[in-house]
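Residue-level listing of the chains:
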Amino acid sequence: MAHGPSYSATCGIFPDRGTNPRTRVPSIGRRTLNHCATREAPRLKGGVVEVGAHWIHGPSQGNPVFQLAAKYGLLGEKALSEENQLIETGGHVGLPSVSYASSGGSVSPELVAEMARLFYSLIDQTREFLHAAETPAPSVGEYLKKEIRQHMAGWTEEEETKRLKLAILNNLFNVECCVSGTHSMDLVALAPFGEYTVLPGLDCTFPGGYQGLTDRIMASLPKDVMVFNKPVKTIHWDGCFEEASAPGETFPVLVECEDGGCFPAHHVVVTVPLGFLKERLDTFFEPPLPTEKAEAIRKIGFGTNNKIFLEFEEPFWQPDCQHIQVVWRDTSPLEDAAPKLQDAWFKKLVGFWVLPSFGRASQALCGFIAGLESEFMETLSDEDVLLSLTQVLRRVTGNPRLPAPRSVLRSRWHSAPYTRGSYSYVAVGSSGDDLDLLAQPLPADGRGAQLQVLFAGEATHRTFYSTTHGALLSGWREADRLIALWDSQAQRPEPGSELGSAPPVPGSRGGWPHPFL
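What you are looking at is a predicted structure, and each value in this text was computed from that prediction instead of being measured. (Residues numbered from 1 in each chain as written. Predicted model: local features only at pLDDT ≥ 70, side-chain atom pairs only at ≥ 80, totals over all residues. Heavy atoms only, no water.)

Student: Describe the nonpolar core, with residues and values.
Tutor: Counting residues in each nonpolar core, the largest one holds 50 residues, and the members touching the most others are Phe119, Leu144, Ile168 and Leu169. Sorting the residues of this core by element identifies helix 4 (109-126), helix 5 (140-152), helix 6 (159-180) and strand 18 (363-370) as the ones contributing at least two each. Take this core: its biggest share by element is eleven residues, from helix 6. Ignoring any residue separated from it by four or fewer positions in sequence, one finds Leu144 in contact with Phe119, Leu122, Ile123, Thr126 and Phe173. In this structure, Val272, Leu289, Ile300 and Phe302 belong to the second largest nonpolar core, which totals 32 residues. (Core = buried A, V, L, I, M, F, W, Y, C linked by side-chain atoms within 4.5 Å. Buried < 20%, exposed > 50% of the residue type's maximum accessible area, 1.4 Å probe, protein only. Helix = DSSP H or I, 4+ residues; strand = E, 2+ residues; numbered from the N terminus. Contact = heavy atoms within 4.5 Å.)

Pasting the structure below:
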């Protein structure tokens, strides 16, 4: 699952059916409005970093993101190797290169590996309840804790070692919260957890950044097809709207922007994040969404996973280090104590991944933190975050003179008004059916103009939610839905004509090619 938002915060406007000469794009539409403020990649002093999607999860032939990246030559030799594509990770995060304890000094790698084997074996078991008549617990978290208590009965070590084992397990719970984009695994439904599909392949990154992929995709579009900094206020649908430049023609949809601009359309594809939909549910659509779709939006989980980048003059870690785990000895997944966020928010930080060097004078770490602690972190100043994490690193390494990072950069996905979080999960009380319901176009009753409002984005993919490839596939799904509609309309004979005499529809498989297919 993704470690950062996996969607395009856009609202696609498709005002033309394909034969209208005003069509600007020789594909399926005319314009894409983008809520995002900028396309510039965030930077530390030494180079570009990914504040959103980080990895290609399951880089193998079944992953369309991997396929496109390979086609465009955006990946390294190792990622492209057949050996890398065949590795089965089970969706689990690999073992850390080094584990530091809050008391100072390293934790036994053997003990960390033992707890990881236990934890991930239990995670694998949670996927067995997909088709069960009933589950032993409502949530993944409650099931895991129940099983851990049973395993504890067989532990024979001293109390201090037992507490350390629980602290390691607590870190792994926090890692899983980052993977699932949730505050607590107690919020993640157990029964549908196994429906998420893990693809083979060892996760890899884009050496030049994810933006290289979007740049290549966008290169196939006319330059004026993307409109940035154009937030949408309301989508009016199931109506009859006119446009001055098209006298006599009516449109069932009108997209009203925050700056007062309006775009009449035959079709709109909405790919805004689920967090945005949750917050704007009562005002973003007019008329309001059908009750069942609105309820699905409320029930599906959507949480926050943030990154904190620390840039150093010189690395304090070993040259072969890839992942630094931080274990807080006073924590346990079996204890529900919740200290004040301002006193302990940093304990939810799972550790750091070492980023590729930007140059001899720059080394950077990327930390991950999820949940309410992550959202609290967003309210702090850069100086406060830098001070807190400097103190953490000095404490865990046992080096009070460890040089402070020279700069900090972080994501703030919960505070961002057009995201309000990172990505979705199937929450207790919801199921994969809710994701399917969210994906259904409007109107749902089959009356009036068809496919007025379509929905795409990671939260609409039942088996690949939370991932970039899920978001991409959902967009292709809605494009195919429109193409199928237009194909059927193109084949309808006009009065006095023979079947099939209509010209090819732009964007259909019989007309101009779709740029994404």
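Student: Tell me about the confidence of the model for the protein chain, and please be specific about residues and values.
Tutor: Summing up the model confidence of the protein chain, the mean pLDDT is 88 and the portion of residues at 70 or higher is 85%. Counted against residues more than four places away or in other chains, residues 1-9, with its pLDDT under 50, gives 58 contacts. (pLDDT = per-residue confidence, 0-100.)

Student: Describe in detail the pairing of strand 12 (residues 267-270), supporting the description with residues and values.
Tutor: Residues in a regular strand project their side chains so that they alternate between the two faces of the sheet. Judged by which residues are buried, strand 12 turns out to be covered on both faces: His267 and Val269 on one side and Val268 and Val270 on the other are all buried. Bridge count between strand 12 and strand 21 (residues 453-455): three bridges; the pairing is parallel. From the neighbouring strand, Val270 faces strand 21, where its bridge partner is Phe455. (Pairing = 2+ DSSP bridges.)

Student: Which residues make up the sheet that holds strand 10 (residues 253-257), and what values go with them?
Tutor: Read across the open sheet, the four strands follow the order 11-10-7-13; overall the sheet is mixed. If you trace the sheet from one side to the other, it starts and ends with strand 11 (262-265) and strand 13 (285-286), each paired once. Across four bridges, strand 10 lies against strand 11 in antiparallel orientation. Bridge pairing in strand 11 places Val253 opposite Ala265.

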